[in-house]
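# Structural features, examined
Read off the chains here:
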Amino acid sequence: MADRDPGRVSADVNWREVARLVLASREMDRLEEQELVPAKKVMYQFSARGHDLAQVLLGLQLKDGDAACGYYRSRPLLLALGVSMADALGSGMGLAGGYSDGRDIGAVFNYPNPGGAHALPMSGGVGAQYTPATGWAQAIDYKTRVLKEGPEDAIAVVLGGDASCATGGFWSALTIATTQQLPLLIYIEDNGYGISVPSEYQTPGKNIAANLANFSGLTIFDGDGTEPDEAARLVKEAVRHVRTKRAPALLRLTVPRLEGHSFQDTQSYKSPEVIDREWARDPLPKLKAYCADYQVGDEEWERLENEVAWEVGAARAEAEARGTSSPEVVTDHVFYEDQMQQIGGLWNAAYEAPASSDTPNPDGQRINMVTAIRRVLDQELASNPRVLVFGEDVGPKGGVHAVTLGLQDKFGRDRVFDTSLNEEGIVGRAVGMALAGLMPVPEIQFRKYAEPATEQINDCGTMRWRTHNRFAAPMVLRVPGGFFKCGDPWHSQTNEVQFVHNPGWKVAVPSNAEDAVGLLRGSLRGNDPVLFFEHRAMLDDSWARRPWPGDEFVLPFGRAKKVREGDKITIVTWGAMVPRCEAAAEGIDAEVIDLRTLMPWDSEAVLESVRRTRRCLIVHEDLRTGGFGAEIAAVVADEAFLDLDAPVARVTMPDIPSPHHPRLLEWAVPSVERIRAEIDRLMGF
């Protein structure tokens with residue numbers, strides 16, 4: 001044990017409180033492992049034994065304005081932040097209340113904590129916690145420097161195991177925090193294993209701190225997380241560095257994992273000698289011996305053990321008395337439903353939206369979609385200082401599609417900025433910013449490039465639901481895609497159905513400048529995450545040009561538009577297929593419906609039309625199998641089958657990537673001729 005110097009750490013560490021919280025964590029682990037898991041009342045259990053001391057020391061250093069994003073073994077930190085034992089135990093049992101009202105596994109925490117440090121919603125995916133914490137750190141920096149909102153010494157903290165240092169999220173967060181010098185503390189609990197995989201397969205040399213010793217812009221703290229005085233000193237120094245220097249730090253503490261990865265893990269991959277060495281490093285006996293020299297002697301320690309055992313038992317009784325939540329409400333809070341979340345979003349930052357109207361007021365010459373989108377971004381940046389636009393090449397270059405051209409010159413690098421080439425980092429940091437009360441507008445350069453960000457996209461969309469409306473991260477994720485003059489498998493796919501299938505995301509697919517204005521403006525003033533799809537072929541297409549619809553025009557989601565009226569067949573489409581369907585319907589008594597949004601989509605308008613025309617054709621650019629047209633067809637078949645005079649039909653891309661050569665592309669994308677041929681076939685029934 002390192003030399004004990006009470007003057008070095010004891011003046012600002014309440015060791016009795018440290019002991020109480022560590023003992024509480026141990027008793028909760030014991031209760032779950034010996035009683036609740038065998039009784040099948042807890043289905044996922046992750047012991048924190050060995051990790052608990054250092055986490056408690058860290059949690060007691062955090063305060064109002066701070067935020068921490070942990071992972072599945074971070075319950076001791078939550079206890080130190082003040083989460084109730086009843087919530088901590090009840091959430092593990094999936095009972096009502098708690099972190100999620102039984103919707104999420106209990107090891108995936110969140111804690112709004114008014115007046116204290118927030119515990120940001122954790123993820124069940126390893127490494128997914130890093131970039132949202134970095135976004136919170138960037139929001140702290142922006143709010144203190146630009147908005148003049150405090151506290152000025154607030155920090156963000158993110159916890160992870162040593163195995164998570166191999167993930168893209170870790171390296172993305174490290175890049176963002178160091179290049180921008182953000183107040184982020186990365187705390188790595190190094191227990192030497194990623195489930196059964198030893199650290200030599202995760203980190204060269206088995207020490208991420210040593211590997212990053214010369215990483216520019218990063219200060220390293222490295223030591224033993226089982227020695228009370230050493231752990232307390234390093235935690236204090238690391239937190240103080242980030243608070244005072246306003247710069248990132250990495251704190252690595254070695255700890256033993258005294259139980260398996262989860263309860264089901266028997267640790268058969270560890271030899272008895274390894275297990276014995278780990279138990280010899282148990283921080284609890286060290287803490288007891290350390291406290292005996294200062295504030296908590298043997299008699300007091302025994303009283304604490306009895307007190308904590310009683311508190312945990314009472315918390316269990318309180319949690320079990322809650323029972324389970326009603327299945328009738330399990331579909332609540334997928335989207336904002338007029339009940340404000342506790343943390344996140346503009347509306348929690350005293351935001352008042354300007355006046356709006358759902359009626360366009362056309363003015364001036366026709367403008368293309370690029371100009372329309374840019375003008376909305378310009379206006380919202382000017383009227384709302386919480387709007388930030390960012391992504392790859394959106395700064396001086398103005399984006400590869402010129403949508404953000406000139407915005408950085410006008411609003412500065414704090415408001416419109418380029419990012420490193422990492423889509424997880426782009427969306428993940430947007431999540432943290434949104435949680436901090438900003439309105440992030442991240443751009444993914446092309447639809448295919450969203451794939452590395454799919455975990456963050458999924459976690460963002462489910463956040464409101466899985467935290468039972470405690471947290472939400474509204475943003476507008478702009479994604480250009482679709483074919484243009486040519487195609488290819490990397491820049492030209494649509495696959496918008498993937499976003500529709502992510503709960504919690506609204507999806508806009510405007511076909512023209514007017515709709516783009518209304519949908520984008522509404523999204524930027526809304527309280528849900530929105531995927532705003534900008535079709536490349538429509539950005540400067542002459543058909544898509546419209547007069548400016550007015551500075552107050554906001555188009556509600558879920559409201560389709562009849563671009564052509566008719567009585568003999570209903571054609572349902574969106575995006576770049578709208579003008580093709582309109583051309584294909586020329587000379588036929590056909591009704592063409594532009595859905596404009598896919599989540600939600602206007603099923604009422606479609607069904608009303610189909611019941612009248614008695615025929616339905618769905619046209620979309622995405623692949624046929626599993627495309628959104630299949631959903632529309634299923635709804636029409638379910639609810640209007642007896643009204644149909646012909647089968648519901650689809651014209652789509654075949655199930656292939658977008659071909660590169662224009663001749664191949666034009667064959668694959670639904671053409672006016674193919675659409676017209678299918679119209680004629682259906683009209684023949």
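## Here we look at the state of the cysteines
Applying the stated criterion across every chain yields a total of zero disulfides. Distance from the sulfur of Cys581, which forms no disulfide, to the nearest cysteine sulfur (Cys616) is 11 Å.

## Brief notes about the packing of aromatic side chains
Going through the model one piece at a time under the given rule, you end up with 12 aromatic pairs. Ring geometry for Tyr193 against Tyr269: centres 5.9 Å apart, planes inclined by 45°, an arrangement best described as tilted. Linking Tyr193 in strand β5 (residues 193-194) with Tyr269 in the loop between β8 (249-254) and α10 (272-280), this pair joins segments that are 76 residues apart in sequence. A centroid spacing of 5.5 Å and a plane angle of 80° characterise the contact between Phe446 and Tyr449, whose relative ring orientation is edge-to-face. Residue Tyr449 is classed as partly exposed on the basis of its relative accessible area of 25%. The rings of Phe46, Tyr71 and Tyr72 are connected pair by pair, giving a single aromatic cluster. When the ring centre of Phe557 is taken as origin, the NZ or CZ atom of Lys506, which lies over that ring, is 5.5 Å away. The cationic tip of Arg546 hangs over the ring face of Trp543; the distance from NZ or CZ to the ring centre is 4.6 Å.

## Notes on the packing of helix α7 (residues 168-180) against helix α15 (residues 423-435)
Running from N to C, α7 and α15 cross one another at 70°; their axes reach a closest spacing of 9 Å. When the interaxial angle is binned, α7 and α15 end up roughly perpendicular. The segment α7 lies against α15, with Gly168, Gly169, Ser172, Ile176 and Gln180 engaging Glu424, Gly425 and Arg429. Tallied by class, residues from the contact of α7 with α15 come to one nonpolar, five polar and two charged.

## Thoughts on the sheet that holds strand β17 (residues 561-564)
Sheet strands pair via backbone hydrogen bonds, and the direction of the pair is either parallel or antiparallel. Spatially, the five strands line up as an open sheet ordered β17-β19-β18-β21-β22, and their pairing is mixed. Pairing within the sheet leaves two strands with one partner each, and these edge strands are β17 and β22 (649-653). Taken over all neighbouring pairs, the strand axes of this sheet differ in orientation by 25° on average, direction set aside. Sheet contacts for helix α21 (residues 628-640): β18 (569-573), β21 (616-623) and β22; angle to β21, the most-contacted strand, approximately 160°. Its contacts with the sheet put helix α23 (residues 672-683) on β18, β21 and β22, and the angle it makes with β22 is roughly 165°.

## Here we look at the pattern of salt bridges
Considering all chains together, one arrives at 51 salt bridges under this definition. As a salt-bridge pair, Glu259 and Arg49 come within 3.7 Å of each other at their nearest N and O atoms. A residue pair is termed long-range when its members are at least 10 positions apart, and Glu259 in the loop between β8 and α10 and Arg49 in the loop between α2 (15-36) and α3 (52-59) qualify at 210 residues. On the basis of relative accessibility, which here comes to 14%, the residue Arg49 falls in the buried class.

## Some remarks on the confidence of the model for the protein
Mean pLDDT for the protein: 94, with 98% of residues reaching 70 or above. Note that residues 1-9 has pLDDT below 50 and, in this model, 22 contacts with residues that lie over four places away or in other chains.

## A closer look at unusual backbone geometry
Note the cis peptide between Gly150 and Pro151, where omega equals 0°. With a phi close to 65°, Ala402 is a non-glycine residue in the positive phi region. By secondary structure assignment, the location of Ala402 is in the loop between β10 (387-391) and α14 (407-411). Look at Ala402 and you get partly exposed, because its relative accessible area is 27%.

## A few points about the sheet that holds β8
Sheet architecture is open: six strands sit in the order β2-β1-β3-β4-β8-β7, paired in parallel fashion. At either end of the open sheet lies a strand with only one pairing partner, and these are β2 (118-119) and β7 (219-224). Pairing geometry for strand β1 (residues 67-69) and strand β3 (residues 156-161), over three bridges, is parallel. Bridge pairing in β3 places Ala67 opposite Ala156. Against the sheet, α3 makes contact with β3, β4 (184-190) and β8, and its axis sits at roughly 165° relative to β4, the strand it touches most. Where helix α6 (residues 130-147) meets the sheet, it contacts β1, β2, β3 and β4, and its direction lies at approximately 165° from that of β3.

## Observations concerning helix α18 (residues 513-524)
Here α18 contains 12 residues, and its C-alpha end-to-end distance of 16 Å stays within 8% of the 16 Å for a straight helix at 1.5 Å per residue. For α18, a buried count of 11 out of 12 residues is recorded, marking the element as mostly surrounded by other parts of the structure. For α18, the capping residue at the N-terminal end is Asn512, with a side-chain oxygen 3.1 Å from the backbone nitrogen of Glu514.

## Observations concerning the environment of Ala560
The residue Ala560 is located in the loop between β16 (546-548) and β17 in this model. Separated by 37 residues in the primary sequence, Ala560 and Thr597 place their C-alpha atoms 7.4 Å from one another. Residues contacting Ala560, with those up to four places away along its chain left out, are Ile593, Asp594, Leu595, Arg596, Asp602 and Ala605.

## Re helix α13 (residues 369-383)
Here α13 contains 15 residues, and its C-alpha end-to-end distance of 21 Å stays within 8% of the 21 Å for a straight helix at 1.5 Å per residue. Where α13 is concerned, the buried positions are Met369, Val370, Ala372, Ile373, Arg374, Val376, Leu377, Asp378, Glu380 and Leu381.

## Comments concerning the side chain of Arg75
Within the element layout of this structure, Arg75 appears in helix α4 (residues 75-81). Not counting residues up to four positions away in its chain, the partners in contact with Arg75 are Met28, Asp29, Glu32, Gln55, Ala88 and Phe109.

## Points about the environment of Gln55
Tracing the backbone shows Gln55 in helix α3. Its relative accessible area of 0% is what places Gln55 among the buried residues. As a C-alpha pair, Gln55 and Lys286 span 231 residues in sequence and 15 Å in three-dimensional space. In this view, Gln55 contacts Arg73, Ser74, Arg75, Pro76, Leu77, Leu159, Tyr187 and Glu189; residues no more than four positions away in its chain are not counted.

## Some remarks on the nonpolar core
Of all hydrophobic cores here, the largest spans 80 residues; its most connected members are Phe170, Ile186, Leu250, Leu595, Phe628, Ile632 and Val636. Looking at this core element by element, the count peaks at eight residues for α6. Beyond its immediate sequence surroundings of up to four residues, Ile632 is in contact with Val572, Trp574, Leu595, Trp601, Val606 and Ile618. With 70 residues, the next largest nonpolar core counts Leu23, Met93, Ala119 and Leu287 among its residues.

## Some details on the pairing of β7
As paired elements, β7 and β8 share six bridges and run parallel to each other. Among the inter-strand pairings, Ile220 is bridged to a residue of β8, identified as Leu250.

## Some remarks on the packing of α6 against α7
The N-to-C vectors of α6 and α7 enclose an angle of 20°; their axes lie 8 Å apart at closest approach. The angle between the axes of α6 and α7 places the two elements in the roughly parallel class. When you trace α6 past α7, the crossing you get is left-handed. Only Gly169, Phe170, Ser172, Ala173, Ile176, Ala177 and Gln180 of α7 make contact with α6, whose side of the interface consists of Tyr130, Thr131, Thr134 and Gln138.

About the cut-offs
- Residues numbered from 1 in each chain as written.
- Predicted model: local features only at pLDDT ≥ 70, side-chain atom pairs only at ≥ 80, totals over all residues.
- Heavy atoms only, no water.
- Disulfide = S-S within 2.5 Å.
- Phe/Tyr/Trp six-rings, centres within 6.5 Å; stacked < 30°, edge-to-face > 60°.
- Helix = DSSP H or I, 4+ residues; strand = E, 2+ residues; numbered from the N terminus.
- Buried < 20%, exposed > 50% of the residue type's maximum accessible area, 1.4 Å probe, protein only.
- Lys NZ or Arg CZ within 6 Å of the ring centre and 35° of its normal.
- Axes fitted to C-alpha atoms, helices over the stretch in contact; angles between N-to-C directions.
- Parallel < 35°, antiparallel > 145°, perpendicular 65-115°, else oblique.
- Contact = heavy atoms within 4.5 Å.
- Nonpolar A, V, L, I, M, F, W, Y, C, P; charged D, E, K, R; others polar.
- Pairing = 2+ DSSP bridges.
- Salt bridge = Lys/Arg side-chain N within 4 Å of Asp/Glu carboxyl O.
- pLDDT = per-residue confidence, 0-100.
- Expected span 1.5 Å × (residues − 1).
- Polar contact = N/O pair within 3.5 Å; in protein donor to acceptor, adjacent residues only side chain to side chain.
- Core = buried A, V, L, I, M, F, W, Y, C linked by side-chain atoms within 4.5 Å.
- Left-handed = near helix turned anticlockwise from the far one by under 90°.

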